[in-house]
Amino acid sequence: MKLTSPVLGEIEVDDSKVIHFPNGLAGLEHLKRFVLAHEEPAQGEMPRVFILQSVDEPEIAFSLVVPESLGVRYELELSDAEVALLQATAPEEIVIAVIVRRDEAQPDSHGLKANFMGPILINSNTRKAMQKVLDRFNCDIVIRG
């Protein structure tokens with residue numbers, strides 16, 4: 001299928017690449033289908049920022065980064081219901097990402113704000129995903145020197 005994204009322009013979406021959020025996202029529970037996209041990185045490098053593009057409403061897209069790129073390592077415990085929703089059989093299947101956005105309060109800065117209280121969990125095998133809304137932020141902060 002084709003869709004027109006305000007971030008990515010016109011893109012072709014392969015149904016096998018769609019990520020399903022059975023419960024949607026916080027505040028956007030009606031959005032169930034997304035795709036991940038990224039700019040091609042330099043040879044030998046991994047992409048730094050991903051775009052989580054809604055298939056259901058193409059005008060909606062979010063920037064995602066892996067928390068490790070921001071010096072954060074999550075320690076999450078999933079309930080049996082969350083494991084079932086993700087159809088996870090091993091922790092290694094789950095990729096954790098956080099939504100980032102430009103800090104509108106300081107338009108002259110290049111600063112970004114990350115939503116550490118609502119990480120995105122994606123099962124890379126089943127393409128099932130969820131947003132885990134946290135009431136407490138439990139992570140390790142890694143300082144790189």
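The structure reproduced in this document is the subject of the present report. Remember, it's a predicted structure, so these values are computed and weren't measured experimentally. (Residues numbered from 1 in each chain as written. Predicted model: local features only at pLDDT ≥ 70, side-chain atom pairs only at ≥ 80, totals over all residues. Heavy atoms only, no water.)

Here we look at the overall build of the chain
Along the chain, the regular secondary structure elements total one helix and twelve strands. Along the chain, from the amino end to the carboxyl end, the secondary structure elements read β-β-β-β-β-β-β-α-β-β-β-β-β. Within the chain, the fraction of its 145 residues that count as buried is 35%. Within the chain, contacts between residues separated by at least 24 positions form 51% of all contacts whose residues are at least 6 apart in sequence. Working note: accessible area of the chain is about 9,200 Å², and carbon and sulfur atoms make up 51% of it. (Helix = DSSP H or I, 4+ residues; strand = E, 2+ residues; numbered from the N terminus. Buried < 20%, exposed > 50% of the residue type's maximum accessible area, 1.4 Å probe, protein only. Contact = heavy atoms within 4.5 Å. Areas by Shrake-Rupley, 256 points an atom, 1.4 Å probe, with all protein chains shown as cover.)

Focus: the side chain of S5
The topology assignment puts S5 in strand β1 (residues 2-5). The class for S5 is buried, based on a relative accessible area of 4%. Within the local environment of S5, its side chain forms a polar contact with the backbone nitrogen of V7, the two atoms lying 3.0 Å apart. Of the polar contacts made by the side chain of S5, one reaches the backbone nitrogen of L8; its length is 3.0 Å. With sequence-adjacent residues up to four places away left out, S5 is seen in contact with Q53 and P58. (Polar contact = N/O pair within 3.5 Å; in protein donor to acceptor, adjacent residues only side chain to side chain.)

Focus: the nonpolar core
With 15 residues, the main nonpolar core has F21, L25, F34, L52, F62, L64 and I120 as its most contacted residues. At the level of elements, β5 (50-54), β6 (61-65), β8 (94-102) and β10 (120-123) are the ones that each hand at least two residues to this core. Once you skip the residues sitting within four places of it in the chain, F62 turns out to touch L25, L28, F34, F50, I51, L52 and I99. (Core = buried A, V, L, I, M, F, W, Y, C linked by side-chain atoms within 4.5 Å.)

What about unusual backbone geometry?
For Q87, which is not a glycine, the phi torsion comes out positive at approximately 55°. Summarising the element assignment, Q87 is placed in the loop between α1 (80-86) and β8. On the basis of relative accessible area, Q87 is assigned to the partly exposed category, the value being 42%. A positive phi angle, close to 65°, is found at R127, a residue other than glycine.

Some remarks on the pattern of salt bridges
Summed over the entire model, instances satisfying the criterion amount to three salt bridges. A salt bridge links K2 to E10; its shortest N-O distance comes to 3.7 Å. E10 matches K2 in its accessibility class, with the two residues each being exposed. In this structure, the salt-bridge partner of E82 is K132, at a minimum N-O distance of 2.9 Å. Here E82 is found in helix α1, whereas its partner K132 is found in the loop between β11 (129-131) and β12 (139-141), with 50 residues between them in sequence. (Salt bridge = Lys/Arg side-chain N within 4 Å of Asp/Glu carboxyl O.)

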